[in-house]
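Chains, contacts and geometry: an overview
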Amino acid sequence: MALLLRWLLLLAATAAVANTQPLASRTDMAALYSLRASLGLRARDWPLKVDPCARWAGVDCAAGRVVGVTVAGLRRTNLATAQAPGLALEGLRNLTALARFNASGFALPGEIPSWFGAGLPAPLAVLDLSSAAVNGTLPPDLGASGNLTAVHLSGNRLTGNIPAPLLSVAGLRVLDLSRNNLTGALHNVSVSVSLGVAGDTANASVFNVSGNSLYGVAADAIGALRRRFQVVDVSSNYLDGAWNGSDTRLLATTNCFFGVPGQRSRADCEEFYRKQGVQLVDPPAPSPAPLPEPSPSPSPEKKKKQRISENVLIGVLVAAGTLMALFFIALLLCLVKRRSIGTTGGRGVELNEEGTRSSRRRDSSVSPVMSLPPAVSPGADDGPKNAPAISDEFTYEQLVLATGGFGDDKLIKHGHSGDIYHGVLENGSHVIVKKVGAKGANKHASELDFYTRYSHERIVPLLAHLSNDDEEFLAYKYMPKGDLTNALHKKPVDTADGLPSLDWITRLKIATGVAEAMCFLHDECSPPLVHRDIQSSSVLLDDKYEVRLGSMSDICIQQSGGSQNVFTRILRSSKSLDKHTSGPPATCSYDVLCFGKVLLELVTGNIGISGSNDAASEEWLSNTLNHINSGDRASIAGIIDALLLVDEDHLEEVWAVAIIAKTCLSAKPSRRPTARYVLRALESPLHVVRQGSSRSSSARQQLRSSSSRSSWQSVFQGNHRVQSLDAAAAATSASASALDRRHSLRSHGSGGEASLSFKRAVPTDAAPEPAAAVLDEDDVVV
């Protein structure tokens, strides 16, 4: 026994010496220094004049050779970052003993070179380039060595077809090509491999190509894949053909299969196949029912009973038809009455351009077309505190006097729908007036229609609407703090508290207020409305920094794809908001995208990004998003507003809001969260950065990342690789069923003219993972 123990100790000592053996290959040393230079890694991680096997982060050696390199989580030098890094991995070709390479989440923008196939080291078994901004096509000889066991290329911008040789590698256990732009058909490749017994997690295998644009008849190819891999995810593509849908280990939702629930509409599939120049397979016609055998002639008594039954059935059908006709008549009368009230009543706001123009007066003294009773309270420091309320009616002369004849000294800005002026009434109350010329008359028709139907404490109140000749005037409640563009960084006269800019609590309060306004438009209005102009200049603030969303001239009804039933078309026909839809996309996901830019402005202090789409702004946006890492709080240190004084307690919240902003700015509209989930996350921001710690949750997101809206962590694929094959196999049953969660919105406002109280939500539960949603076919930001 003692001899055996001594022998084991000797083996352990020998292994320890082998593990600490310095790098002996000069070729490997030169290759590592080549990688260090091409990737621009910091000397802190890969220092000079030391043994790479002992001191370089992520470098693993065995017997004096480099067998593993991991640059995931490492950072480039500032100089390398400023020089537009690219995909420079030529040093890998000389690491002839390399078995593992991991660069997940490490930005390598550029096309995959042609040598990135047969030129890779022959022993290479694990290749991970997920979420590395890689583009181009996959080399046709990728996997030629036959030693690859795991390939992770998800979350990139790869195009072209999936190489057939890659699927022919017998030892391949994990292939993740999800969330790319791959096209073409799935290859039917049969490889003889031994699958583990069901439940044997050590031999579990995963094939994931979800979130691409693969098409063609795929039943045979999927069958071959299922015989080889235990988990197959082909969801969110355009694959065609018949499938029985009974296999729980196959995820095939959001495709073009017939006979399977959860697929794309036939119209979407036909449009996609038409663009590809390919014929979509028609579903099989139902088999004809067998002809009934002739029955014997009934007796006279049976014939009499049959006639009685037929008469009763006819009477029932006639009565039912009469009731249905009465119901439709009553419904049409209600709709006609509602429409007539909306066009002639509704406080006098016309619902279309013709009605608006017909109501204009030609004299200089104008009676108000619309006047709302709420008064404009004076600013916090302007005018007497007990100034009388604005009267129920405005006249044109009052507005001219209040704005100094609409002089340039009262002009705030030239809006895209009219000029904005600041006015002071005779009683000392402040008011904002928008002057709309004849060319912009129809631009605010949707805005007027909106104000006749809805009001909310997060929307800036409209006080009056006047017409004079060919001009129209809209009077709004005055917001003492202006818009977010002017309020974020304080002027010297406003720094009584010693802070050069808004503190983090106030910034988070503003973000939550804008989210509440979006929730009202998207979820509480019926049909849902889209703002389409959410930016820092649209976020107005009262004297207590409570949000009032303005710039409502582009508001419209959300556009919805697919066919609509008769009732929906009748209801939408009476909504004049839908008659003026033009300009930016009329989708709720577009509002969320714009809100993501506002969140970045609150974090970085770079005001103006939300209102600009030029090349410089897009470049800044891309570079800023690359600094946001869900696994590294310190990654945002370089983008936080220099004027924002934030302590350690709030730094984690800033990090969480940056993560929410990056999620809202997802390139695919289908992957952006809805407004209600954004609001829940902002109310409990700490849960955004703490909910991703569960390994099983990460694996579940991995297997259905494209078939449902991702959780807050799922945009950072550096943390989304298959952590263990056990988690990947266990997550399949959970990803087979879609989530259907409904949440009620609760506004924090107190309503009326009273100031709204901002309350930080008690983090009792984590921000929920967004529910499943049908993916859009667009892969670009809209």
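The rules behind these values
Residues numbered from 1 in each chain as written. Predicted model: local features only at pLDDT ≥ 70, side-chain atom pairs only at ≥ 80, totals over all residues. Heavy atoms only, no water. Pairing = 2+ DSSP bridges. Helix = DSSP H or I, 4+ residues; strand = E, 2+ residues; numbered from the N terminus. Phe/Tyr/Trp six-rings, centres within 6.5 Å; stacked < 30°, edge-to-face > 60°. Buried < 20%, exposed > 50% of the residue type's maximum accessible area, 1.4 Å probe, protein only. Core = buried A, V, L, I, M, F, W, Y, C linked by side-chain atoms within 4.5 Å. Contact = heavy atoms within 4.5 Å. Axes fitted to C-alpha atoms, helices over the stretch in contact; angles between N-to-C directions. Parallel < 35°, antiparallel > 145°, perpendicular 65-115°, else oblique. Nonpolar A, V, L, I, M, F, W, Y, C, P; charged D, E, K, R; others polar. Disulfide = S-S within 2.5 Å. Patch = residues over 30% accessible without salt bridge, like charges linked within 9 Å, V, L, I, M, F, W, Y side chains within 5 Å. Areas by Shrake-Rupley, 256 points an atom, 1.4 Å probe, with all protein chains shown as cover. Salt bridge = Lys/Arg side-chain N within 4 Å of Asp/Glu carboxyl O. Lys, Arg positive; Asp, Glu negative; His and termini not counted. Arc of directions from axis to C-beta.

**Quick notes on the sheet that holds strand β4 (residues 110-111)**
What the three strands build is an open sheet, ordered β4-β6-β8; its pairing is parallel. The sheet is open, and its two borders are formed by β4 and β8 (157-159), each paired with just one other strand. With three bridges connecting them, strand β6 (residues 134-137) and β8 associate as parallel partners. Bridging across to β8, T137 finds its partner in T159.

**Overview of the packing of aromatic side chains**
Here the structure, examined in full by the defined rule, presents 15 aromatic pairs. Residues Y215 and F272 carry aromatic rings whose centres are separated by 5.9 Å and whose planes lie at 65 degrees to one another, so their mutual orientation is edge-to-face. With Y215 in strand β12 (residues 213-217) and F272 in helix α7 (residues 266-276), the pair connects residues that are 57 residues apart, well separated along the chain. Residue Y215 shares its accessibility class with F272, and that shared class is buried.

**Considerations on the nonpolar core**
With 65 residues, the main nonpolar core has W46, V71, L89, F101, L186, F207 and V234 as its most contacted residues. Put simply, the parts of the chain that give this core at least two residues each are α2 (26-39), β1 (59-62), β2 (65-70), α5 (164-167) and α6 (219-228). Not counting residues up to four positions away in its chain, the partners in contact with L186 are I162, F207, L214, A218, A221, I222, L225, V234 and L239. Within the second largest apolar cluster, 52 residues are counted, among which are V539, V603, L625 and V657.

**Section: the sheet that holds strand β3 (residues 100-102)**
A sheet is described by the order of its strands in space; here nine strands give the open sequence β1-β2-β3-β5-β7-β9-β11-β13-β15, paired in mixed fashion. Edge positions in the open sheet fall to β1 and β15 (250-251), since each of these has one partner strand only. Pairing of β3 with strand β5 (residues 126-128) involves three bridges; the strand directions are parallel. Directly across from R100, in β5, lies its bridge partner V126.

**Focus: the packing of helix α17 (residues 648-664) against helix α18 (residues 675-683)**
Orientation of α17 relative to α18, taken along the N-to-C sense of each, is 170 degrees, at an axis distance of 10 Å. By the criterion of interaxial angle, the relationship of α17 to α18 is roughly antiparallel. Residues V657, I660 and C664 of α17 form the contact with α18, whose own contacting residues are V678, A681 and L682. Residue composition of the contact of α17 with α18, by class: six nonpolar, no polar and no charged.

**Observations regarding the pairing of strand β21 (residues 462-468)**
Of all seven residues in β21, seven are buried; the element is thus mostly enclosed. Both β21 and strand β22 (residues 471-477) contribute to a ladder of six bridges, which runs antiparallel. By the bridge assignment, A464 is partnered in β22 with A475. In sequence, β21 turns back onto β22 through a hairpin of two residues, with D469 there showing a positive phi of about 55 degrees.

**Details of the state of the cysteines**
The tally for this structure, following the rule as stated, stands at two disulfides. A sulfur-sulfur distance of 2.0 Å marks the disulfide that ties C53 to C61. Handedness of the C53-C61 disulfide follows from its S-S torsion of about -85 degrees: it is left-handed. Two residues, C256 and C269, share a disulfide whose sulfurs are 2.1 Å apart.

**Here's the deal with the pairing of β1**
By the alternation rule, side chains of β1 split into V59 and C61, which are all buried, and D60 and A62, of which none is buried. With four bridges connecting them, β1 and β2 associate as antiparallel partners. Note on β2: the bridge partner recorded for C61 is V66.

**Here's the deal with a nonpolar patch on the surface**
A contiguous nonpolar surface patch, about 430 Å² in accessible area, is contributed by L323, L326, I329 and L333. For L326, the location among the structural elements is in helix α8 (residues 300-344).

**Comments concerning the side chain of D554**
Within the element layout of this structure, D554 appears in the loop between β25 (547-549) and β26 (556-557). For the buried D554, no salt bridge is present, and the opposite-charge side chain at shortest range is R532, 4.6 Å distant. Setting aside its immediate chain neighbours within four residues, D554 contacts H416, V530, H531, R532 and D533.

**Details of the environment of V530**
Residue placement: V530 occurs in strand β23 (residues 529-530). Sequence spacing of V530 and T587 is 57 residues, and the spatial spacing of their C-alpha atoms is 6.2 Å. If sequence neighbours within four positions are ignored, V530 has contacts with D554, I555, C556, Q558, P585, A586, T587, C588 and D591.

**Overview of α7**
All of the buried residues in α7 are C269, F272 and Y273. End-on, the buried residues of α7 take up no more than an arc of 95 degrees, which puts them together on one face. The outward face of α7, more than 90 degrees from its buried face, is lined by the exposed residues A267, R274 and K275. Tucked inside the fold, the buried residues of α7 contact β12, β14 (238-242) and β16 (256-258). Positive phi appears at G277, one or two residues downstream of α7, with a value of about 70 degrees.

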